[in-house]
Amino acid sequence: MPFDAPSSPKARSRATPRVIGCWLLGVAGMVWIMVAIGGATRLTGSGLSIMEWAPLSGTLPPLSDAEWQRLYDLYRTIPQYALVNQGFGLDGFKQIFWLEWAHRFWGRLIGLAYALPLAWFWLRGRIPAGLKPRLLLLLLLGGLQGAVGWFMVASGFEADRTAVSPYRLVMHLSLALALFAALTWTGLGLLRPRPATMPAATGSIRRQAKAAAWLLVAAMLAGGFVAGNRAGLDYNTFPLMEGRLVPEGYWRLAPAWSNLTLNVAAVQFNHRLLASLAALAGLGAAFAGWRRLPPGFARSACLGLGGAVVLQYALGVATLLHAVPVWLGTLHQACAVLVLTAALLALHGLRPPKRVT
Ligand code: HEM
């Protein structure tokens, strides 16, 4: 559903789409930071430290010794404590508590940064009519993401589990990326109206960029399963996996489809394969843009896509070779959003011109 900045004679209504566009991009930036905090939370094993879902009262951290002790006692009832952190004491608990608290606190801030300006623009009649359903949908998606986050965390409390379900982790990561993409695309639509004309080569480069974008989405989903299965702790060589291109035991699990989501060897191989295809497609679009487009937004965006994909690929290999240190894993997760941004900018820059009727 494309949305373009409407042109209006009134200066005030001309300014409003730009302000709304900047606000949406600002919220998208906050979602980006949230993805990075989420990566650090997962990689430091902090994500299961708060066992309550309290959207309002959970805003404040514990303010008394008794409250700290109550939360610690709750945490001591779950398998992760017994199997991973037994005896790490209240001080150890506080260390894993703060990141999860910061993750949830930042989520609440994003909610406010979205809902309050939305209400203000709405009440002052500043939102173009055609944009209202989309802004409400974004609000709904944001709320849903909070609920999915809790749904994911709750899976980590089940018997014999020391981490969350890979399926729910992928759901949470995908929804975060979808929310980021929707905010960014809508914001860009308000800031950059469709051009009246485009160079003839644009159509074929747009198809290449679209292919790269879909391959990137697939690589990101596969990356979620690598993270969810902690598959980056095995096969720490590149490009071969235990001396083979396709690892032994790719189809080890039954039913066969479960290899795609739960088998460490298969999940990691799929991520490598999809990332390589996405990198090739991204570089292809960058090369075509560089060769066939005149200097301008679309050409720079195509080149940016190529650069971002190469950076992310190199970060992925480094993360794997070093068996996922927290800082590299977090950087790889944050850079996935950079690549997504680059793909969105390229697709936006390559949009077909406005049809004249
Ligand atoms: C276009 C390139 C790539 C994209 C878009 C991408 C994206 C992602 C995403 C979204 C995740 C899940 C979140 C995270 O932990 O970061 C992930 C995880 C991971 N990726 Fe990639 N990736 C790419 C290339 C690679 C390559 C080439 C490798 C190694 C050969 C790699 C290795 C890993 C590993 C080991 C993880 C799990 C990290 C963890 O447990 O935190 N990635 N990737």
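Residues numbered from 1 in each chain as written. Predicted model: local features only at pLDDT ≥ 70, side-chain atom pairs only at ≥ 80, totals over all residues. Heavy atoms only, no water.

## So, the coordination of the iron atom of the ligand
Phase 1 of the analysis: Every protein donor of the iron atom of the ligand is listed here as His271 (NE2) and His332 (NE2), and their distances to the metal cover 2.0 to 2.1 Å.
Phase 2 of the analysis: Classification of His332 as buried rests on a relative accessible area of 18%. (Donors = N, O, S within 2.8 Å, 3.2 Å for Na, K, Ca; no water. Buried < 20%, exposed > 50% of the residue type's maximum accessible area, 1.4 Å probe, protein only.)

## Focus on the pattern of salt bridges
Phase 1 of the analysis: Enumeration according to the criterion identifies 4 salt bridges in this entry.
Phase 2 of the analysis: Across the pair Asp73 and Arg76 runs a salt bridge whose closest N-O atoms are separated by 2.7 Å.
Phase 3 of the analysis: On the basis of relative accessible area, Asp73 is assigned to the partly exposed category, the value being 32%.
Phase 4 of the analysis: Between Glu100 and Arg104 there is a salt bridge; the shortest N-O distance is 2.8 Å. Of this pair, Glu100 and Arg104 both sit in helix α4 (residues 89-123), 4 residues apart, which is roughly one turn of that helix. Accessibility classification places Glu100 together with Arg104 in one group, the buried group.
Phase 5 of the analysis: Salt bridges linked by common partners bring Glu52, Glu67 and Arg70 together as one network. (Salt bridge = Lys/Arg side-chain N within 4 Å of Asp/Glu carboxyl O. Helix = DSSP H or I, 4+ residues; strand = E, 2+ residues; numbered from the N terminus.)

## What about helix α10 (residues 297-321)?
Phase 1 of the analysis: A rise of 1.5 Å per residue sets the reference length of α10, with its 25 residues, at 36 Å; its end C-alpha atoms lie 36 Å apart and thus fit the reference within 8%.
Phase 2 of the analysis: Ala323, located one to two residues past α10, shows a positive phi value of around 55 degrees. (Expected span 1.5 Å × (residues − 1).)

## Some remarks on the site of the ligand
Phase 1 of the analysis: Surrounding the ligand, one finds 23 residues, the nearest of these being Arg42, His271, Gln312, His332 and Gln333.
Phase 2 of the analysis: Interatomic distance of 2.7 Å between a side-chain N/O atom of Arg42 and an oxygen atom of the ligand.
Phase 3 of the analysis: At 3.3 Å, a backbone N or O of Gln333 approaches an oxygen atom of the ligand.
Phase 4 of the analysis: The set of elements that each furnish at least two residues to the shell around the ligand consists of α1 (11-43), α7 (202-228), α9 (264-292), α10 and α11 (326-349).
Phase 5 of the analysis: Considering each element in turn, the shell around the ligand owes the most residues, 6 residues, to α7. (Near = heavy atom within 4 Å. Polar contact = N/O pair within 3.5 Å; in protein donor to acceptor, adjacent residues only side chain to side chain.)

## Observations concerning the packing of α10 against α11
Phase 1 of the analysis: Relative orientation of the contacting elements α10 and α11 amounts to 160 degrees, with a least axis distance of 8 Å. Judged by the inter-axis angle, α10 sits roughly antiparallel to α11. As α10 runs across α11, the sense of the crossing is left-handed.
Phase 2 of the analysis: When grouped by side-chain class, the residues that make up the contact of α10 with α11 number 20 nonpolar, 7 polar and no charged. (Axes fitted to C-alpha atoms, helices over the stretch in contact; angles between N-to-C directions. Parallel < 35°, antiparallel > 145°, perpendicular 65-115°, else oblique. Left-handed = near helix turned anticlockwise from the far one by under 90°. Nonpolar A, V, L, I, M, F, W, Y, C, P; charged D, E, K, R; others polar.)

## Here's the deal with the state of the cysteines
Phase 1 of the analysis: One pass over the structure, following the stated rule, counts 0 disulfides.
Phase 2 of the analysis: Take Cys335: it sits in no disulfide, and the sulfur closest to it among the cysteines is that of Cys302, at 18 Å. (Disulfide = S-S within 2.5 Å.)

## A few points about the packing of aromatic side chains
Phase 1 of the analysis: Counting across every chain of the model gives 25 aromatic pairs.
Phase 2 of the analysis: Arranged with centres 6.3 Å apart and planes meeting at 45 degrees, the rings of Tyr72 and Phe88 form a pair that is tilted. Of this pair, Tyr72 sits in helix α2 (residues 65-75) while Phe88 sits in the loop between α3 (79-85) and α4, and the two are 16 residues apart along the sequence.
Phase 3 of the analysis: Judged by its relative accessible area of 5%, Tyr72 is buried.
Phase 4 of the analysis: An aromatic cluster of at least three residues, connected via ring pairs, comprises Trp68, Tyr72, Tyr75, Tyr81, Phe88, Phe93, Phe97, Trp98, Trp101 and Phe105.
Phase 5 of the analysis: Above the ring of Tyr72, the side-chain terminus of Arg76 is found at 4.7 Å from the ring centroid. (Phe/Tyr/Trp six-rings, centres within 6.5 Å; stacked < 30°, edge-to-face > 60°. Lys NZ or Arg CZ within 6 Å of the ring centre and 35° of its normal.)

## A look at the UniProt feature "binding site: heme" (unreviewed entry) in the protein
Phase 1 of the analysis: Under the local residue numbering, the UniProt record ascribes the feature "binding site: heme" (unreviewed entry) to His271 and His332. On the basis of their most widely separated C-alpha atoms, the annotated residues across 62 residues gather in one place, lying no more than 13.2 Å apart.
Phase 2 of the analysis: With respect to the helices, strands and loops of the structure, His271 is situated in helix α9.
Phase 3 of the analysis: Setting aside residues up to four positions removed in sequence, His271 forms contacts with Ala219, Ala222, Gly223, Val226 and His332.
Phase 4 of the analysis: Among the structural elements, His332 can be located in helix α11.
Phase 5 of the analysis: Sequence-distant contacts of His332, that is, excluding residues within four places in its chain, are made with His271, Gln312, Leu315, Gly316 and Thr319. (UniProt positions renumbered as here; feature names shortened; annotations may be inferred. Contact = heavy atoms within 4.5 Å.)

## Structural notes on the nonpolar core
Phase 1 of the analysis: With 52 residues, the main nonpolar core has Trp23, Tyr114, Leu135, Leu183 and Leu305 as its most contacted residues.
Phase 2 of the analysis: The dominant element in this core, judged by the number of residues it contributes, is α1, at 9 residues.
Phase 3 of the analysis: Two domains share this core, each providing at least three of its residues, namely domain 1 (1-172 + 189-193) and domain 2 (195-357).
Phase 4 of the analysis: When near neighbours in sequence (up to four residues on either side) are disregarded, Trp23 contacts Ala113, Tyr114, Pro117, Leu118, Phe121 and Leu135.
Phase 5 of the analysis: Core analysis: the next-biggest nonpolar cluster, separate from the first, contains 18 residues, Trp68, Ile96, Trp101 and Val153 among them. (Core = buried A, V, L, I, M, F, W, Y, C linked by side-chain atoms within 4.5 Å. Domains from an automatic or database assignment.)

## Section: the domain arrangement of the protein
Phase 1 of the analysis: Here the protein is partitioned into domain 1 (1-172 + 189-193) and domain 2 (195-357).
Phase 2 of the analysis: Distance from the C-alpha centre of domain 1 to the C-alpha centre of domain 2: 25 Å.
Phase 3 of the analysis: Between domain 1 and domain 2, the contact holds 19 residues from the first and 24 residues from the second.
Phase 4 of the analysis: Interface area, domain 1 with domain 2, both sides summed: about 1900 Å², of which 64% is carbon and sulfur.
Phase 5 of the analysis: If you sort the residues of domain 1 by the area they bury against domain 2, Trp32, Tyr167 and Arg192 come out on top, with a joint share of 33%.
Phase 6 of the analysis: Inspection of the domain 1/domain 2 interface yields 0 salt bridges.
Phase 7 of the analysis: Linking domain 1 with domain 2 are 7 residue pairs in polar contact (both at pLDDT 80 or more), by the criterion used here. (Buried area = accessible area lost by both parts, 1.4 Å probe.)

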